[in-house]
Amino acid sequence: MDYGKLGLKAGIEIHQQLDTAEKLFCRCPTCLRDVSERTGEFYRYLRATESELGEIDRAAREEMKLVRKFRYYTYDTVCLAEHDEEPPSPMNPEALEVCLTIAKMLDMTPVEQVHTMRKLVIDGSNTSGFQRTALVALSGALPGGCRVETICLEEEAAQRVEDETFSLDRLGIPLVEITTAPCMRTPEAVQEVAGHIGMILRSTGRVKRGLGTIRQDINVSIADGARVEIKGVQELDLIAEVVRREVERQVNLVEIRDELRARSARVDHTVVDVTALFAETKSAILKKAKAVLAVRLCGFAGLVGREIQPGRRLGSEMSDYAKKCGVGGIFHTDELPAYGVTAEEVARLREFVRAAENDCVVIVAAGRERAGCAAEQVMIRAEMALSGVPEETRKMLEEGSSAYMRPLPGAARMYPETDVFTVAIDGGLWERIVIPELLTARAERFVREFGLDEGLARQVAFSERLPLFEKAVAAGVRPNLAARTLLATCRELARDGVDVGRVSEEEILALLSAVEGGRAAKEAIPDLLTELAKTAGDAGEPGVRVDAAIEKMGPAVSQADVEAIVRRIVAEREAFAREKGMGALGPLMGVVMQELRGSVDGKVISETLRRELQRLLS
Amino acid sequence: MERLETGDLVRYTNGGTALTGTYIAERDGMAVVKLESGYNIGASPEKIEFVERPAPQPPAGAGVVVQNPDLPELAVISTGGTIASRVDYRSGAVMSQFSASDILRAIPELGDVARYRDRQIASILSENMKPALWRELARAVYDEIRTGVTGVIVTHGTDTMAYSAAAVRFMLKTPVPIVFVGSQRSADRPSSDNAMNTLCSAAVAAGDLGEVAVVMHATTNDDRCAIHRATRVRKMHTSRRDSFQSMGMEPLGYVDYPSLSVTLSDEAVRRGAQEPELHDALEERCALLHFYPGMPASVLDVFEGYAGLVISGTGLGHVATDWVPKVREMIEDGTTVVMTSQCLHGRVCDRVYNTGRDLLAAGVVEGEDMLPEAALVKLMWVLGNERDPERAKTLIETDLAGEIRRRSIP
């Protein structure tokens with residue numbers, strides 16, 4: 001596709017959890033819990049309210065179509081604030097400082113006074129029905145000339161457990177939201193910018209790591225399409241694909257629009273009750289439904305079933321809208337007969353609603369009220385098809401396609417959080433913010449100072465183990481040994497099913513120090529880590545546990561012992577040694593190593609062996 | 001440049017940034033500007049530049065509330081409080097400025113329960129309540145009963161709702177339910193308890209009860225409201241939805257939500273058990289004093305000339321021994337002194353320890369198991385209606401409005 005010609009404009013919003021000690025508006029820790037650890041649950045209803053401007057936000061109104069009861073799991077690490085049973089504490093200064101640090105790294109200008117707002121969110125993910133959010137800084141720069149528009153500090157929402165059940169542990173964790181201008185012109189550029197911002201965030205060393213701690217929302221439009229926001233892209237590598245697929249969707253919707261216009265298509269606004277037609281149907285869904293309603297889309301035949309994105313048709317979009325009324329989905333004549341509906345039934349249906357050959361008929365089956373609501377939604381979405389691409393918030397599906405979530409929220413969903421005082425960002429506070437070294441700069445420094453090769457240096461710098469690596473190096477461990485142990489060795493062990501994650505950082509540090517102190521061989525590290533992982537959770541100081549593991553895996557061997565063993569092995573294979581000369585070093589090395597089972601550093605063995613061979617051959 | 005007004009379009013320039021937004025107000029020397037994204041920020045006034053004043057928008061149509069004439073009629077008397085709160089965009093604080101009709105508009109399901117006539121007697125936060133307003137409220141409720149309404153709902157701030165409810169209970173005999181309701185979360189938020197509490201209160205007001213009650217969340221869930229007797233209810237938590245508790249007794253009943261089905265206990269007074277009567281005299285020269293260790297007896301000088309004093313004493317009903325002469329003096333000078341307990345749970349007994357016996361000898365009246373606030377309101381009402389000190393003492397010791405339990409149930 002020629003993205004330039006299509007007029008692609010894309011921007012991203014990056015949401016990153018901060019690794020602060022306490023939550024943004026209460027004093028709870030920012031730790032996630034397993035749902036099995038919950039200490040109780042409660043449930044609530046939410047209803048949309050009139051905002052400051054006297055209007056109900058359209059996104060909130062959309063959610064209101066369903067009357068839903070929300071259930072919340074609570075823990076001993078959450079308080080009344082997450083329960084929406086207590087006013088918020090003042091804004092967490094640590095979170096504000098991290099946010100300002102990121103703002104400064106992005107060359108932004110802080111606002112003079114931060115006002116906390118309430119953003120209406122009534123999908124249940126916030127017990128209050130709103131998310132607290134504050135605009136902290138404006139207008140920053142990115143490489144390649146793209147601009148960051150804003151950075152906001154906001155509360156993380158509760159995690160959805162399933163359907164209408166949410167877990168309160170995540171609610172209130174501080175989050176920064178970085179919004180770029182719609183300044184990217186290719187799918188790859190979007191992915192690059194996301195990668196760059198992610199690197200900046202991790203450079204602070206004060207953001208959460210791991211799946212779900214960073215999420216990207218992507219804004220995409222083409223010249224003839226509309227602005228669409230795709231939420232919840234968690235993997236960086238999928239970003240470009242998401243953009244590509246959205247452009248494809250918009251291009252196809254525009255084509256469908258043109259085709260519909262050429263056919264003078266229209267939506268017949270009479271909903272027809274066709275329940276009686278399906279009284280004897282073999283389709284279980286239609287048979288058990290209290291009401292089956294039909295909508296006639298004149299001139300839509302063939303287009304409702306047309307694919308607009310891998311796995312998605314115009315009919316899928318209509319179905320998404322209908323689902324807002326609580327129905328399971330829709331049937332349309334572009335895909336029938338199927339699902340137990342016979343050709344004869346389709347013919348009768350078409351005849352009953354007086355459908356011409358060029359018409360598509362959509363049917364919905366549910367309780368009378370829900371079916372009516374769903375039929376209405378199908379007509380609304382069909383009308384939108386006549387004007388092209390609707391502005392929407394969508395959610396990403398697996399592999400990068402997307403489904404409709406709700407209309408784009410308007411400014412009406414924001415009103416002031418009156419329970420939180422404003423915070424002034426005076427010059428002093430801003431001046432005192434220290435910009436941390438970028439991870440890219442750190443990788444370069446590791447090459448320069450530690451002599452690590454470039455690939456390894458970058459891996460270490462971007463790894464979650466970076467703080468441990470730096471601690472180990474500061475404690476006198478050779479950088480190469482530290483880096484290889486933390487990355488390669490741990491990864492290989494994990495691949496072999498060893499739960500290395502259970503070995504504490506202190507133990508890894510003690511182990512590396514033992515190797516550097518000559519108390520264990522470098523070759524023994526995998527065995528020792530395996531042993532420590534196996535016994536993880538047992539009592540004992542890290543140093544003591546490491547010593548015990550060394551003792552168990554192989555008692556300490558003195559230099560004299562090594563020399564004796566080496567001398568014996570060389571003596572036993574004297575003929576071989578004389579024949580190969582120094583070339584016997586390699587094969588004999590293997591024999592000695594096997595005997596010592598990794599309890600002695602390979603370098604020590606090889607030097608001893610070399611000396612012994614030279615003595616024999618001289 | 002002309003003075004900025006709320007709603008003016010302005011340009012905000014800071015560093016390299018220039019944005020347009022809407023001017024909201026000036027606060028603490030900073031201009032509050034709503035940016036197009038909906039975010040507010042605070043900006044130095046010199047960084048704000050007037051762009052234009054948009055033509056005033058016609059106010060959004062309030063929408064007519066169509067009421068079902070076949071349903072029973074309830075009176076909604078509004079006094080203010082969180083249940084009627086809105087954000088004031090000038091000060092940023094939550095203000096009380098909803099009329100009763102606005103509440104009906106905000107909670108359309110109320111229309112399925114009853115039809116409503118509304119009446120606003122105040123628009124205040126409940127810490128600003130006064131005995132004079134209690135009397136006005138009692139008269140308003142009485143008037144509504146006389147017009148034949150099926151029940152009365154009083155919307156009220158929660159902080160002092162128990163005082164007002166008790167006051168109305170003492171001043172008024174009622175054949176119909178009089179239901180006090182409030183909310184702990186402001187009405188502007190989607191999670192507000194106002195809708196459920198109000199719907200439950202309407203169900204009670206249209207139902208079979210025949211006394212003054214407080215109807216509020218029974219649990220932290222949106223599952224049911226409890227119906228509390230006006231003279232035995234207390235706000236026991238600063239912020240939880242279920243902060244109202246019946247003290248020393250079970251609630252009079254419950255309302256399930258969302259079904260709005262009401263169940264009443266055997267003890268609840270039923271509709272039509274009394275004829276309407278209003279006795280709205282109150283002796284306002286009464287006070288409530290919370291005793292603490294070391295509190296000097298000279299504090300009592302402040303209450304010289306008062307008609308009545310309720311002491312919230314320690315444990316079984318005590319103050320320091322060195323208070324006794326002063327208390328005796330006050331009583332001799334004509335002040336009725338009633339002893340209650342800051343334990344809140346349990347009954348006063350001044351016959352166990354010497355201090356208590358000395359207080360009784362000085363003429364202190366034991367407040368039985370009355371809540372200190374209910375005792376204060378009762379004292380005002382008794383002294384307003386009974387001049388004879390001995391008969392007043394007897395009335396104080398007698399259960400008049402469900403405020404005293406004859407037996408302490410374990």
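These numbers come from a predicted model, not from an experiment.

Q: I'd love a proper account of the overall build of chain A, names of residues and values included.
A: Looking only at helices and strands, chain A features 21 helices and 24 strands. The C-alpha radius of gyration of chain A comes to 32 Å, more than 25% above the 25 Å expected for a compact globule of 618 residues. In chain A, which comprises 618 residues, the share counted as buried stands at 56%. Within chain A, counting contacts between residues at least 6 apart in sequence, those at least 24 apart form 73% of the total. Of the roughly 26,600 Å² of accessible surface on chain A, 50% is carried by carbon and sulfur atoms. Separation between the mean location of the 83 positive side-chain charges and that of the 99 negative ones in chain A comes to 2 Å.

Q: So what's going on with the UniProt feature "active site" (unreviewed entry) in chain B? Which residues, and what values?
A: Residues and elements named next belong to chain B. As recorded in UniProt, the sites labelled "active site" (unreviewed entry) are Thr-82, Thr-158, Asp-159 and Lys-235. Spanning 154 residues, the annotated positions come together in the fold, the maximum distance between their C-alpha atoms being 14.4 Å. Tracing the chain through its elements places Thr-82 in the loop between β6 (73–78) and β7 (85–87). Aside from chain neighbours lying at most four places away, what touches Thr-82 is Gly-157, Ser-183, Gln-184, Arg-185, Ser-186 and Ala-187. Within the secondary structure, Asp-159 sits in the loop between β10 (151–155) and α3 (161–171). Excluding residues that lie within four positions of it along the chain, Asp-159 makes contacts with Ser-126, Glu-127 and Lys-235.

Q: Explain the UniProt feature "domain: GatD N-terminal" (unreviewed entry) in chain B residue by residue, including any values.
A: Following the UniProt record, one finds the feature "domain: GatD N-terminal" (unreviewed entry) at residues 4–49 of chain B. From the first C-alpha to the last, residues 4–49 of chain B spans 9 Å; its make-up is 0% helix and 63% strand.

Q: Lay out the packing of helix α16 (residues 525–534) of chain A against helix α17 (residues 542–553) of chain A with the relevant residues and their values.
A: Residues and elements named next belong to chain A. In contact at an axis separation of 9 Å, α16 and α17 are set at 120° when each is read in the N-to-C sense. Relative to α17, the element α16 is oriented oblique. As α16 runs across α17, the sense of the crossing is right-handed. Residue-level contacts link Asp-527, Leu-528, Glu-531 and Leu-532 of α16 to Arg-545, Val-546, Ala-549, Ile-550, Lys-552 and Met-553 of α17. Looking at the contact of α16 with α17, its residues break down into six nonpolar, no polar and four charged.

Q: So what's going on with the sheet that holds strand β9 (residues 159–162) of chain A? Which residues, and what values?
A: Residues and elements named next belong to chain A. In space, the four strands of this open sheet follow the order β2-β3-β10-β9, with mixed pairing throughout. The outermost strands of the open sheet, each flanked by one partner alone, are β2 (40–45) and β9. Here the average twist between neighbouring strands, direction ignored, is 35°.

Q: Go over the sheet that holds strand β5 (residues 48–52) of chain B, please, and point to the residues and values.
A: Spatially, the seven strands line up as an open sheet ordered β24(A)-β5(A)-β4(B)-β3(B)-β2(B)-β1(B)-β5(B), and their pairing is antiparallel. Of all the strands in the sheet, just β24 (423–424) of chain A together with β5 of chain B have a single pairing partner and so form its edges. Summarising the sheet, strand β2 (residues 17–27) of chain B and strand β3 (residues 30–35) of chain B pair through six bridges and their orientation is antiparallel. Following the sheet pairing, Tyr-23 of chain B is matched in β3 of chain B by Val-33 of chain B.

Q: So what's going on with the pattern of salt bridges? Residues and values would help.
A: Using the criterion set out here, one finds 79 salt bridges over all chains in the structure. The salt bridge partner of Arg-185 of chain B is Glu-85 of chain A, with a shortest N-O separation of 3.5 Å. Here Glu-85 of chain A lies in the loop between β3 (69–74) and α3 (93–105) and Arg-185 of chain B lies in the loop between β12 (178–181) and α4 (194–205), a pairing that spans two chains. Residue Arg-185 of chain B is classed as buried on the basis of its relative accessible area of 5%.

Q: Just give me the short version of the packing of aromatic side chains, but keep the residues and values in it.
A: Residues and elements named next belong to chain A. Enumeration according to the criterion identifies 14 aromatic pairs over all chains in this entry. Aromatic pair Phe-130 and Tyr-415: ring centres 6.4 Å apart, planes at 80°, arrangement edge-to-face. Here Phe-130, found in strand β7 (residues 130–141), pairs with Tyr-415, found in strand β23 (residues 414–416); they are 285 residues apart in sequence, far enough to count as distant. Directly above the aromatic system of Tyr-43 lies the positively charged group of Lys-69, at a separation of 4.2 Å from the ring centroid. Across the ring face of Trp-430, the terminal group of Lys-104 is positioned such that the distance to the ring centre comes to 5.5 Å.

Q: Hey, could you go over the side chain of Ser-246 of chain B for me, with residue numbers and the actual values?
A: Residues and elements named next belong to chain B. Structurally, Ser-246 is set in strand β16 (residues 244–246). Among the polar contacts listed, one links the side chain of Ser-246 to the side chain of His-228, at a separation of 2.7 Å. Leave out the neighbours within four places in its chain, and Ser-246 touches His-228, Arg-229, Arg-232 and Pro-251.

Q: Go over empty space enclosed by the protein, please, and point to the residues and values.
A: One pass over the structure, following the stated rule, counts six cavities of 30 Å³ or more. Estimated volume of the largest cavity: approximately 150 Å³. By residue class, the composition of the lining of the largest cavity is six nonpolar, four polar and five charged.

Q: Mind laying out helix α12 (residues 454–462) of chain A, listing which residues take part and the relevant values?
A: Residue and element names in this part refer to chain A. Burial in α12 covers these residues: Leu-456, Ala-457, Val-460, Ala-461 and Phe-462. Where α12 is buried, its residues meet α4 (187–203), α11 (439–450), α13 (466–474) and α14 (479–495). Two to three positions downstream of the cap, the backbone nitrogen of Gly-455 sits 3.0 Å from a side-chain oxygen, assigning the N-cap of α12 to Asp-453.

Q: For the interface of chain B and chain A, give the residues involved together with the corresponding values.
A: On the chain A side, the residues contacting the 50 residues of chain B number 45 residues. Taken together, the two surfaces of chain B and chain A that pack against each other cover about 3,800 Å², and 50% of this comes from carbon and sulfur. The interface formed by chain B and chain A holds seven salt bridges in total. For the interface between chain B and chain A, the tally reads 20 residue pairs in polar contact (both at pLDDT 80 or more). Split into classes, the residues belonging to the side of chain B that touches chain A amount to 22 nonpolar, 15 polar and 13 charged. Here strand β5 (residues 113–114) of chain A pairs with strand β4 (residues 40–43) of chain B via two bridges, running antiparallel. Bridging from a neighbouring strand, Val-114 of chain A pairs with Ile-41 of chain B of β4 of chain B.

Q: Describe the nonpolar core, naming the residues involved and giving the relevant values.
A: Of all hydrophobic cores here, the largest spans 151 residues; its most connected members are Leu-153, Phe-300 and Met-318 of chain A. For this core, the leading source of residues is helix α5 (residues 239–262) of chain A, giving nine residues. In this structure, Trp-134, Val-233, Cys-286 and Leu-383 of chain B belong to the second largest nonpolar core, which totals 54 residues.

Q: Give a description of the confidence of the model for chain A that names residues and reports values.
A: Confidence along chain A averages 90 in pLDDT terms, with 95% of residues attaining 70 or more. For the stretch residues 51–56 of chain A, pLDDT sits under 50, and the model shows 17 contacts to residues farther than four places along the chain or on other chains.

Q: Help me get a handle on helix α21 (residues 602–617) of chain A, residues and values and all.
A: Count 3.6 residues to each turn of an α-helix, and residues three or four apart come out pointing the same way. Residue and element names in this part refer to chain A. End to end, α21 covers 22 Å across 16 residues, agreeing with the expected 22 Å (1.5 Å per residue, within 8%). Along α21, the residues classified as buried are Gly-602, Ile-605, Ser-606, Thr-608, Leu-609, Glu-612, Leu-613 and Leu-616. Buried residues along α21 cover an arc of 165° about the axis, so they all sit on one side. Exposed side of α21, more than 90 degrees from the buried face: Lys-603 and Arg-615 are the residues found there.

Q: If you had to explain the state of the cysteines to someone new, which residues and values would you point to?
A: Residues and elements named next belong to chain A. Per the stated rule, a full pass over the model turns up two disulfides over all chains. Here Cys-146 engages in a disulfide with Cys-183; their sulfurs sit 1.6 Å apart. Linking Cys-146 and Cys-183, the disulfide has an S-S dihedral of approximately 60° and is accordingly described as right-handed. Taken together, the positions of Cys-146 in the loop between β7 and β8 (147–155) and Cys-183 in the loop between β11 (174–180) and α4 put the pair 37 residues apart, joining distant regions of the chain. Overall, the relative accessible area of 25% leaves Cys-183 in the partly exposed class. Bridging Cys-325 to Cys-373, the disulfide has an S-S length of 2.0 Å. Taking the sign of the S-S torsion, -70° for the link of Cys-325 and Cys-373, the bridge is left-handed. Here the residue Cys-325 occupies a position in the loop between α7 (314–323) and β19 (331–332), and Cys-373 occupies one in helix α9 (residues 368–387), the gap between them amounting to 48 residues.

Parameters and conventions
Residues numbered from 1 in each chain as written. Chains lettered and ligands numbered in written order. Predicted model: local features only at pLDDT ≥ 70, side-chain atom pairs only at ≥ 80, totals over all residues. Heavy atoms only, no water. Helix = DSSP H or I, 4+ residues; strand = E, 2+ residues; numbered from the N terminus. Rg over C-alpha atoms; globule rule 2.2 N^0.38 Å. Buried < 20%, exposed > 50% of the residue type's maximum accessible area, 1.4 Å probe, protein only. Contact = heavy atoms within 4.5 Å. Areas by Shrake-Rupley, 256 points an atom, 1.4 Å probe, with all protein chains shown as cover. Lys, Arg positive; Asp, Glu negative; His and termini not counted. Charge placed at Lys NZ, Arg CZ, Asp CG, Glu CD. UniProt positions renumbered as here; feature names shortened; annotations may be inferred. Axes fitted to C-alpha atoms, helices over the stretch in contact; angles between N-to-C directions. Parallel < 35°, antiparallel > 145°, perpendicular 65-115°, else oblique. Left-handed = near helix turned anticlockwise from the far one by under 90°. Nonpolar A, V, L, I, M, F, W, Y, C, P; charged D, E, K, R; others polar. Pairing = 2+ DSSP bridges. Salt bridge = Lys/Arg side-chain N within 4 Å of Asp/Glu carboxyl O. Phe/Tyr/Trp six-rings, centres within 6.5 Å; stacked < 30°, edge-to-face > 60°. Lys NZ or Arg CZ within 6 Å of the ring centre and 35° of its normal. Polar contact = N/O pair within 3.5 Å; in protein donor to acceptor, adjacent residues only side chain to side chain. 1 Å grid on protein atoms, 1.4 Å probe; cavity = no way out; pocket = protein on both sides within 12 Å on 5 of 7 lines; lining within 4 Å. Points joined across faces, edges and corners; volume = space filled by probe spheres on them. Buried area = accessible area lost by both parts, 1.4 Å probe. Core = buried A, V, L, I, M, F, W, Y, C linked by side-chain atoms within 4.5 Å. pLDDT = per-residue confidence, 0-100. Expected span 1.5 Å × (residues − 1). Arc of directions from axis to C-beta. Disulfide = S-S within 2.5 Å.

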